[in-house]
Amino acid sequence: MVQTQLERARAGVVTDAMARVAEREQVDPEFVRQQVADGQAVIPANHAHDALDPMIIGREFATKVNANIGASPDTSDREGELAKLHTAVHFGADTVMDLSTGGGDLDAIRQANVDHSPVPVGTVPIYEARKHVDGVADLTHELLLDVVEKQAQQGVDYMTIHAGILMEHLPLTDGRKTGIVSRGGSIMAQWMEERGMQNPLYAEFEAICEVFREHDVTFSLGDSLRPGCLADACDEAQYAELDTLGELTRTAWNHGAQVMVEGPGHVPMDRVRENVQRQQDVCDGAPFYVLGPLVTDVAPGYDHITSAIGAAIAAEAGAAMLCYVTPKEHLGLPDREDVRDGLAAYRIAAHAADVGNGRPGARGWDDAVSEARYAFDWEAQFDLALDPERAQAYHDQTLPGDNYKEARFCSMCGAEFCSMRIDQDARDGDGEMESIDDETDLEEVPAAEVNRPPVGTHEGAEVPDLPDVLKGVDGVTGDD
């Protein structure tokens, strides 16, 4: 059997994936190996995912961002899902999770995503298993294991396994305002209530470990009892499940499987750091993968903002990967522009945390943008922007002519009141202020790949071309 990245790291081997990660993160390969060996970082890399450009998730590395995609029961098909994959990678997703619950041949959709994706692909196998039965109580241990093994054979790199929610945890949710908001968690809770038996994913956890070890699938231990509102945050149910996740983390490590742990969705701002620190303590430093968290519940339609605030705090506190939230959260299925806005918000949160944590070279990108802005080098400013197309589009709404690409002002202040133009003119005079001519060479900056422009680029594997059938469809263009 081919060993997992964890097993080879423990044996002192620097794998090709570790070497590639070191190149992308601008760190020593031995440091990567040691972090993986200690369980402090994961390299989700199924042996069967040939299109993968390896990446790493861990608190000692640049903060990563996941985008959720997937077919719903009423929409999408294989081509539509490839278009979502294209959009997610183009706008900077470091991983994608296929959360398909319907919309055609799910096996074919999943396989197409794995075949085309340069980034790790995650899934939630309980969703597919639920599609195979009439009622939740009809789920069996054997079916759950069969689905997990099939998806592992297809090349899925990591899976959310809702094994931490136990029968004894269910009464702890009775006083909540929003109950159990995890889809997988609610399914498992219903199964336990109707069958009167312990969570089958918990009961079969060691068998799942062996499947994951065979294919080198990384665990993403699901937070089935995460809070769905501020009122439910940090309650007894959430923390009881976290204790179980710590137990399962150590069990998976003992089987040679890689592990990261999922975290809460709604947490007051003043308790975000507490959540990160508690997970790191309980789970012995396993990477923390957080959804948001949303720091207020009052802004439906703007939850990419409410959650990005919490995400930045969590990442600065040590969370390793952020699961994006789009403006459609709680409201509907996101479209292409929602994905774009969600990824932009989360790339900002991740980068801001990396700058705040002093990641080597992370601020070089900020410096380069600032220098281009001060020099009125509009083309460079657009090229360096997180979202170049949007930056230029906003500028050109009011000053569209090519001559304005050399102007020493924008439409906000105009020529007369532009502070940077005034400052430059003052420095060009005979006074005591010296001129400013800083220039950051990003080629010389030791920043991780995700902290340098442009986002959404992956060497060694290609972002899938937009399917011909979708070119020209409203909201999806072949230029993206």
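Conventions we followed
- Residues numbered from 1 in each chain as written.
- Predicted model: local features only at pLDDT ≥ 70, side-chain atom pairs only at ≥ 80, totals over all residues.
- Heavy atoms only, no water.
- Disulfide = S-S within 2.5 Å.
- Buried < 20%, exposed > 50% of the residue type's maximum accessible area, 1.4 Å probe, protein only.
- Helix = DSSP H or I, 4+ residues; strand = E, 2+ residues; numbered from the N terminus.
- Pairing = 2+ DSSP bridges.
- pLDDT = per-residue confidence, 0-100.
- Contact = heavy atoms within 4.5 Å.
- Axes fitted to C-alpha atoms, helices over the stretch in contact; angles between N-to-C directions.
- Parallel < 35°, antiparallel > 145°, perpendicular 65-115°, else oblique.
- Left-handed = near helix turned anticlockwise from the far one by under 90°.
- Nonpolar A, V, L, I, M, F, W, Y, C, P; charged D, E, K, R; others polar.
- Phe/Tyr/Trp six-rings, centres within 6.5 Å; stacked < 30°, edge-to-face > 60°.
- Lys NZ or Arg CZ within 6 Å of the ring centre and 35° of its normal.

Asks: Even after reading the chapter, I still don't get the state of the cysteines, so can you show me in this structure?
Replies: Cysteine pairs can be covalently joined through their sulfur atoms, and such a bond is termed a disulfide. Overall, the coordinates contain zero disulfides when judged by the stated rule. Counting only cysteine sulfurs, Cys-283 is the nearest neighbor of Cys-209, a cysteine outside any disulfide, at a range of 14 Å. Judged by its relative accessible area of 0%, Cys-209 falls in the buried class. Cysteine Cys-413 is unpaired, with the sulfur of Cys-410 as its nearest cysteine sulfur at 5.8 Å.

Asks: For this particular structure, what's the right way to read the pairing of strand S3 (residues 64-69)?
Replies: For a regular strand, side-chain orientation follows a simple rule: the groups alternate between the two sheet faces. Among the six residues of S3, five are classified as buried, and the element is accordingly described as predominantly covered. Sheet analysis places S3 next to strand S10 (residues 321-323), joined by three bridges and oriented parallel. Pairing of Lys-64 across the sheet is with Met-321, part of S10. As paired strands, S3 and strand S4 (residues 95-98) are joined by four bridges and run parallel to one another. Bridging across to S4, Asn-68 finds its partner in Met-97.

Asks: What is the right way to read unusual backbone geometry from this model?
Replies: Among all residues save glycine, negative phi is the norm, and among peptide bonds the norm is trans. With omega at 5 degrees, the peptide bond leading from Gly-292 into Pro-293 counts as cis. By secondary structure assignment, the location of Pro-293 is in the loop between strand S9 (288-291) and helix H13 (303-317). For Phe-376, which is not a glycine, the phi torsion comes out positive at approximately 55 degrees. Among the structural elements, Phe-376 can be located in the loop between helix H15 (364-374) and helix H16 (378-384).

Asks: What exactly am I supposed to notice about the confidence of the model for the chain here?
Replies: Caution applies to low-pLDDT regions: their predicted coordinates should not be interpreted in detail. Mean pLDDT over the chain: 92, with 94% of residues reaching 70 or higher. Contacts of residues 469-480 to residues separated by more than four positions or lying in other chains number 15 contacts, the stretch itself having pLDDT below 50.

Asks: I would appreciate a short explanation of the packing of helix H10 (residues 205-215) against helix H11 (residues 236-254) in the present structure.
Replies: Geometrically, a packed helix pair is captured by the angle between its two axes and the distance between the axes. In contact at an axis separation of 9 Å, H10 and H11 are set at 45 degrees when each is read in the N-to-C sense. Overall, the two elements H10 and H11 adopt an arrangement that is oblique. Both H10 and H11 take part in a crossing whose hand is right-handed. Together, Phe-205, Glu-206 and Cys-209 of H10 and Leu-248, Thr-251 and Ala-252 of H11 make up the contact between the two elements. Looking at side-chain class alone, the contact of H10 with H11 contains four nonpolar, one polar and one charged residues.

Asks: Would you mind going over helix H2 (residues 16-25) with me for this structure?
Replies: Given 3.6 residues to a turn, an α-helix orients residues that are three or four positions apart in the same direction. Among the 10 residues in H2, seven count as buried, and that is most of the element. Every buried residue belonging to H2 is among Ala-17, Met-18, Arg-20, Val-21, Ala-22, Arg-24 and Glu-25, and all of these are buried. Turning to H2, the residues buried within the fold contact helix H1 (5-10), helix H3 (29-37) and S3. Downstream of H2 by one or two residues, Gln-26 has phi in the positive range, about 60 degrees.

Asks: Sorry, what's going on with the packing of aromatic side chains here?
Replies: How two aromatic rings sit relative to each other is set out by the distance from centre to centre and by the angle between their planes. Evaluation of the coordinates by the stated rule reveals seven aromatic pairs. With centroids separated by 6.4 Å and ring planes inclined at 35 degrees, the aromatic side chains of Trp-378 and Phe-382 adopt a geometry described as tilted. With Trp-378 and Phe-382 both in helix H16, this residue pair falls four residues apart, about one helical turn. Neither residue differs from the other here; Trp-378 and Phe-382 are each classed as buried. Here a set of aromatic residues connected by ring pairs shows up, and it is made of Phe-205, Phe-212 and Phe-219. The lysine or arginine in question, Arg-278, covers the ring of Tyr-239, its NZ or CZ lying 3.7 Å from the ring centre.

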